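Survey of secondary and tertiary structure
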Amino acid sequence: MPERSPRRRARGAAATLTAVALAGAAALTGCTSDGGTTARSTAGAGSPSASPTPAWDASPASIAAVGDSITRGFDACSVLADCPEVSWATGTDGGVRSLAVRLLGASKAASHSWNHAVSGARMAQLPEQMALAAKDRPELVTVMIGANDACRDSVALMTPVADFRASFEASMRQLRASAPKAQVYVSSVPDLKRLWSTGRENPLGKQIWKLGICRSMLGDADDMGSAAVARRDAVLERVVAYNGVLGDVCARDERCRYDGGAVFDYRFTGEQLSEWDWFHPGRNGQARLAEIAYRAVTAAGPPA
């Protein structure tokens, strides 16, 4: 993702990486393995039962978004530029119907949602974004980040899984320090290999990729030699590991809900990718991300 993230159809110009990705979250607010909707008693026989685990609120009154270029709507409206109005999380575009619009209504979404995502951001930058989000005192924080950690100039430069975990845990602590009751929705990181497979069908898109978008996955897009295949598989494996971290950290927070890999599993087509880079999500792709998030946030329990 450029210094802001996901896919699109090609016309000309380069973008930056961040495959729609979108990302699992950590201990932001409170996710337990059973969704945080039932109480567990740790008291002995005859002792009063433990206080119930906070129930998930499917109708939050305010939303703050953190993440990378995908959440900033990068390359969705014009080449090499953010377009936050079409953001899946907090955008106001009527065609996208962002999560904020679906939960709060169009008028309230404009005054009760905040977008702190930064194009090109990696997990190491998330604690700072979380600190800003906490100041808004939001009832829900959305997290989508991690694509840039895998989208590097080489496989060797990808963020180590241990560092990814440490930064995500630090982000959750940062949020909890100032907003202990905020709920957190964590998106999984998109399947970058599937984006490569879809985008490489567009000749113009491949020309734009040569400008340097996500070289670890998109470099030499038509090379099917053993080294290139191994490189792409290594990126995919790292994304899967990142998603494992997002789900694990989130599960240890009572008010956190991970998407269960829904964004990673979504099969984006050319219609959902940016016409500028065939990698980041376009308006259609942003709308699909909003749908996935809305289903997860309003479900009776967390995704299986």
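Residues numbered from 1 in each chain as written. Predicted model: local features only at pLDDT ≥ 70, side-chain atom pairs only at ≥ 80, totals over all residues. Heavy atoms only, no water.

Re the packing of aromatic side chains
Across all of its chains, the model carries 3 aromatic pairs by this definition. Between Trp 88 and Tyr 185, the ring centres sit 6.1 Å apart and the planes meet at 70°, which makes this aromatic pair edge-to-face. Residue Trp 88 is found in the loop between helix H1 (69–72) and helix H2 (99–104), and its partner Tyr 185 is found in strand S5 (residues 183–186); the two are separated by 97 residues along the sequence. Overall, the relative accessible area of 0% leaves Trp 88 in the buried class. Consider the rings of Tyr 266 and Phe 268, whose centres lie 4.6 Å apart with planes at 70°: the pair is edge-to-face. Since its relative accessible area comes to 25%, Tyr 266 is described here as partly exposed. (Phe/Tyr/Trp six-rings, centres within 6.5 Å; stacked < 30°, edge-to-face > 60°. Helix = DSSP H or I, 4+ residues; strand = E, 2+ residues; numbered from the N terminus. Buried < 20%, exposed > 50% of the residue type's maximum accessible area, 1.4 Å probe, protein only.)

Side note on the sheet that holds strand S3 (residues 113–115)
Two orientations exist for strands paired in a sheet by backbone hydrogen bonds: parallel and antiparallel. Spatially, 5 strands are ordered S3-S2-S4-S5-S7 in an open sheet, and the strand pairing comes out parallel. The outermost strands of the open sheet, each flanked by one partner alone, are S3 and strand S7 (256–258). The mean angle between the axes of side-by-side strands here comes to 15°, regardless of whether they run parallel or antiparallel. Alignment of strand S4 (residues 140–144) against S5, held across 4 bridges, turns out to be parallel. In the sheet register, Leu 140 faces S5, and the bridge partner there is Gln 183. Seen against the sheet, helix H12 (residues 283–298) touches S4, S5 and S7 and runs at an angle of roughly 135° to S5. (Pairing = 2+ DSSP bridges. Axes fitted to C-alpha atoms, helices over the stretch in contact; angles between N-to-C directions. Contact = heavy atoms within 4.5 Å.)

Topic: helix H6 (residues 161–178)
For H6, which comprises 18 residues, the first-to-last C-alpha distance of 27 Å matches the rise-based estimate of 26 Å (1.5 Å per residue) to within 8%. Restricting attention to buried positions, one finds in H6 the residues Phe 164, Ser 167, Phe 168, Ser 171, Met 172, Leu 175 and Arg 176. (Expected span 1.5 Å × (residues − 1).)

Brief notes about the confidence of the model for the chain
Across the chain, the average pLDDT comes to 86, with 82% of residues at or above 70. Taken together, the stretch residues 1–49 has pLDDT below 50 and engages in 285 contacts with residues farther than four places along the chain or on a different chain. (pLDDT = per-residue confidence, 0-100.)

Thoughts on the packing of helix H4 (residues 126–135) against H6
In contact at an axis separation of 8 Å, H4 and H6 are set at 15° when each is read in the N-to-C sense. Looking at the two axes, H4 sits roughly parallel to H6. Where H4 crosses over H6, the handedness of that crossing is right-handed. Contacts between H4 and H6 involve Leu 126, Pro 127, Met 130, Ala 131 and Ala 134 from the former and Ser 167, Phe 168, Ala 170, Ser 171, Met 172, Gln 174, Leu 175 and Ser 178 from the latter. (Parallel < 35°, antiparallel > 145°, perpendicular 65-115°, else oblique. Left-handed = near helix turned anticlockwise from the far one by under 90°.)

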